[in-house]
Amino acid sequence: MRLDAVLARLIGASVERGIDHGIETSEEPRAAVAAILRELPGQQGAELFFIRRAEQTGDPWSGHVAFPGGRRDPDDASLLETAIRETREEVGISLDTSDVVARLPDVPAFTRSKKGRLVVSVFVFAVRADVAVVPNVEVAATLWVPLATLMAGVGQSTFELEYDGRKYDLPFLYLEPGKPGKPGQPGEPGQHRLWGMTYGMLIALLDAVK
């Protein structure tokens, strides 16, 4: 799907909020991420950006595939600013408020703290040119994935996870780093497994552009 068509559907979908920048005055734990779309000159479809977090002891999302982002800093004027700042710090991509096209529904995280359960806001951005990606130590890998591959459900499966004494069958996708398929076909699944909270964010995004 071409980027302009994706953006038109996002803007027209119910997830579009006009855009609500997410001004927060409470002390509840909040975070924000950036779902970044692009279409380079000569390409025939949009791509979506992901990172794989570095392995770090004590990090509940260690090694996970995710969108760039993180916890709100007290100096952040809004959750949108959190998403922009964290993206710049983690991968060196400088986003602007003019690049945001939609806000997806907030997602509660599994992790809890003394202040309550962490809630994550999801902002969708569009970039019209190639951007340099400079990962910091928190990021092990970055990848651009064709949106057509994601919409086709290539690499879709489930796995069993035991959490808090219970077993769950969870859906996931194997992602291929920016490798398109043959003309008219999606790419092949790869080694990056997307599941959990970011998987839910992706499904919300795909539902909005179908």
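Being a predicted model, the structure only gives us computed values, none of them experimental.

What counts as what
Residues numbered from 1 in each chain as written. Predicted model: local features only at pLDDT ≥ 70, side-chain atom pairs only at ≥ 80, totals over all residues. Heavy atoms only, no water. Buried < 20%, exposed > 50% of the residue type's maximum accessible area, 1.4 Å probe, protein only. Helix = DSSP H or I, 4+ residues; strand = E, 2+ residues; numbered from the N terminus. Arc of directions from axis to C-beta. Salt bridge = Lys/Arg side-chain N within 4 Å of Asp/Glu carboxyl O. Pairing = 2+ DSSP bridges. Axes fitted to C-alpha atoms, helices over the stretch in contact; angles between N-to-C directions. Contact = heavy atoms within 4.5 Å. Phe/Tyr/Trp six-rings, centres within 6.5 Å; stacked < 30°, edge-to-face > 60°. Lys NZ or Arg CZ within 6 Å of the ring centre and 35° of its normal. Core = buried A, V, L, I, M, F, W, Y, C linked by side-chain atoms within 4.5 Å.

Trainee: Account for helix H1 (residues 3-12), naming residues and giving values.
Mentor: When we look at burial in H1, the residues that qualify are Leu3, Val6, Leu7 and Leu10. Seen from one end, H1 has its buried residues packed into an arc of 95°, which puts them on one side.

Trainee: Lay out the pattern of salt bridges in plain terms, naming residues and giving numbers.
Mentor: Across all of its chains, the model carries eleven salt bridges by this definition. A salt bridge links Arg2 to Glu39; the shortest N-O distance between them is 2.7 Å. One end of the pair, Arg2, is in the segment before H1; the other, Glu39, is in the loop between strand S1 (30-38) and strand S2 (47-53), with 37 residues separating them in the sequence. Overall, the relative accessible area of 14% leaves Glu39 in the buried class. A salt bridge links Glu89 to Arg85, with the shortest nitrogen-to-oxygen separation between them at 3.2 Å. Here Glu89 and its partner Arg85 are both found in helix H2 (residues 79-91), four residues apart, which amounts to about one turn of the helix. The class for Glu89 is partly exposed, based on a relative accessible area of 42%.

Trainee: Outline the sheet that holds strand S10 (residues 192-195), listing residues and values.
Mentor: Backbone-to-backbone hydrogen bonds pair the strands of a sheet. The strands run either parallel or antiparallel. Pairing in this open sheet of three strands is antiparallel, and the strands run S8-S9-S10 from one edge to the other. The open sheet has two edge strands, strand S8 (156-163) and S10, and neither has a second partner. Ignoring which end each strand starts from, the neighbouring axes of this sheet average 45° apart. Alignment of S8 against strand S9 (residues 166-175), held across eight bridges, turns out to be antiparallel. Counted as the bridge partner of Leu161 is Tyr168 from S9. The sheet contacts of helix H4 (residues 196-209) involve S8, S9 and S10, and relative to S10 the element is tilted by about 75°.

Trainee: Got a sec to walk through the packing of aromatic side chains? Specific residues and values, please.
Mentor: The full count for this structure, using the stated rule, is three aromatic pairs. Centre to centre, the rings of Phe50 and Phe67 are 5.1 Å apart; their planes meet at 20°, and the pair counts as stacked. Here Phe50 is found in strand S2, whereas its partner Phe67 is found in the loop between strand S3 (65-66) and strand S4 (69-71), with 17 residues between them in sequence. Neither residue differs from the other here; Phe50 and Phe67 are each classed as buried. With a centroid separation of 5.0 Å and 85° between ring planes, the pair formed by Phe172 and Tyr174 is classed as edge-to-face. Across from the ring centre of Trp144, 4.0 Å away, lies the NZ or CZ of Arg38, which sits over that ring. Seen from the ring of Phe172, Arg193 lies directly overhead, with NZ or CZ sitting 5.5 Å from the centre.

Trainee: Just give me the short version of the nonpolar core, but keep the residues and values in it.
Mentor: Counting 39 residues, the largest nonpolar core has Leu10, Leu37, Leu48, Phe50, Val124, Leu150 and Leu175 as the members making the most contacts within it. Broken down by element, this core gets its largest block of residues, eight residues, from H4. Once residues lying within four places of it in the same chain are set aside, the contact partners of Leu150 are Leu48, Phe50, Val145, Leu173, Leu175, Leu202 and Leu206. Core analysis: the second largest hydrophobic core is formed by 19 residues, Ile36, Ile51, Ile84 and Val127 among them.

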